[in-house]
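Structural description and commentary
For reference, the chains in residue letters:
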Amino acid sequence: MSQKSVFIVSADWLSTHWNDPGVSIIDASWYLPAMGRDARKEYDVGHIPGAHFFDQDVIANTKSGLPHTVPSPALFEQHVSAMGVARDDTIIVYDGPGYFSAPRVWWLFRTMGAEKVFVLDGGLDGWKKEGRFVTDKPTMCARTAFVPKFNASKVASFEQMMSTVQSQTTQIADARGMGRFTGEEPEPREGMRSGHMPGAKCVHYATLAPDGYLLELDELRKVINEAGINPEKPVVTTCGSGVTAAVITLALASLGNENTSLYDGSWAEWGSRQDTPVIKGHS
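Residues numbered from 1 in each chain as written. Predicted model: local features only at pLDDT ≥ 70, side-chain atom pairs only at ≥ 80, totals over all residues. Heavy atoms only, no water.

1. Structural notes on the side chain of Arg176
As for its position among the elements, Arg176 is in the loop between strand S7 (171-174) and helix H7 (178-182). There is a polar contact of 2.8 Å between the side chain of Arg176 and the side chain of Glu187. Leave out the neighbours within four places in its chain, and Arg176 touches Phe181, Glu187, Gly195, His196, Cys202, His204, Cys239, Gly240 and Trp267. (Helix = DSSP H or I, 4+ residues; strand = E, 2+ residues; numbered from the N terminus. Polar contact = N/O pair within 3.5 Å; in protein donor to acceptor, adjacent residues only side chain to side chain. Contact = heavy atoms within 4.5 Å.)

2. Section: the sheet that holds strand S3 (residues 51-53)
If you walk across this open sheet you meet the five strands as S1-S5-S4-S2-S3, and the pairing is parallel. Because the sheet does not close on itself, it has two edges, and the strands there are strand S1 (8-9) and S3. Where strand S4 (residues 90-94) meets strand S5 (residues 117-120), three bridges bridge the pair, whose relative direction is parallel. In the strand pairing of S5, Ile92 is matched with Phe118. Its contacts with the sheet put helix H4 (residues 102-111) on strand S2 (23-27), S4 and S5, and the angle it makes with S5 is roughly 175°. (Pairing = 2+ DSSP bridges. Axes fitted to C-alpha atoms, helices over the stretch in contact; angles between N-to-C directions.)

3. Comments concerning the sheet that holds S7
Paired through their backbone hydrogen bonds, the strands of a sheet run either parallel or antiparallel. Reading across from one edge, S6-S10-S9-S7-S8 is the order of the five strands in this open sheet, with parallel pairing throughout. Across the chains shown, the open sheet's two edge strands, defined by having one partner strand only, are strand S6 (155-156) and strand S8 (200-202). As defined by bridge partners, S6 adjoins strand S10 (residues 260-263) across two bridges and the pair is classed as parallel. Note on S10: the bridge partner recorded for Ala156 is Tyr263.

4. A closer look at the layout of surface pockets
Reported here for the largest pocket is a volume of approximately 350 Å³. Surrounding the largest pocket, 19 residues form its lining, Leu32, Met35, Phe100, Arg180 and Pro188 being those nearest its centre. What the second largest pocket holds in volume is close to 290 Å³. If you go around the second largest pocket, you meet 21 residues; those closest to its centre are Asn19, Val23, Gly50, His52 and Thr139. Here the lining of the second largest pocket takes three residues from S2, the largest share from any one element. (1 Å grid on protein atoms, 1.4 Å probe; cavity = no way out; pocket = protein on both sides within 12 Å on 5 of 7 lines; lining within 4 Å. Points joined across faces, edges and corners; volume = space filled by probe spheres on them.)

5. Structural notes on the pattern of salt bridges
Applying the stated criterion across every chain yields a total of 13 salt bridges. Among the ionic pairs, Arg37 bridges to Asp125, the shortest N-O distance being 3.1 Å. With Arg37 in the loop between S2 and helix H2 (39-45) and Asp125 in helix H5 (residues 123-129), this pair connects stretches of sequence that are 88 residues apart. By relative accessible area, Arg37 is classed as partly exposed at 28%. The partner of Glu187 in a salt bridge is Arg176, with the nearest N and O atoms 2.8 Å apart. With a gap of 11 residues between them, Glu187 in the loop between H7 and S8 and Arg176 in the loop between S7 and H7 connect regions that are remote in the sequence. On the accessibility criterion, Glu187 (10% relative accessible area) is buried. Among the ionic contacts, a cluster of salt bridges with common partners joins Asp174, Arg176, Arg180 and Glu187. (Salt bridge = Lys/Arg side-chain N within 4 Å of Asp/Glu carboxyl O. Buried < 20%, exposed > 50% of the residue type's maximum accessible area, 1.4 Å probe, protein only.)

Shown next, in the form of structure tokens:
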């Protein structure tokens, strides 16, 4: 019998429970420039009733010199409390296509101590295709107190990543597409080398949710295994800038593996430095 992830909810579930007490909805949409979509504009035009927009470029450490890196617990608390979200809420996160940027915010809430965090299967695009209601009205709420319980072990630093690459003791799963992984396609950000970290395996995030809906557990396991990653053992996830890496993190957690961390700087940091080893090709 097929099984779905315990970390997702269906549009049917959300359409029934969106207004329940203790349910908070987060629009975590974020797009690369090449995707031609404006997340904030789309939110203003039409979002799921009750949803708050989570700006990943604002709720971040903007002094890091890298894109949307993990914010301090205090900054996270400031923004999320203003949305009326409490740590013990049932938090539903979504993005446009389903599994692009939403898992990053799912991971961030969990890293900050929230336990009941889920991703909307199919995303807003799927919600709209089913003819479900959206609104352009701002979400109003009373401020609450989200008290973070930050789990630093879930965030891999540059130094930790260097150690992992040198020791080859922990698996590295790279969510970028194969062309970028092998170095055959250029990076979308200027000034970065192409290729991948020694020892990394390519687990393109889109293969885990090819139509905007997360694969069932047996299929997730098959895709991850075929990519050369053992889903039962520790994994560090990475990608271009720390967003789609969380799709792999979500898939692994769905399979029961919580022994993971996410390299926050990802290729935006690794590929822009000159002191990091880079490999091209499929090896």
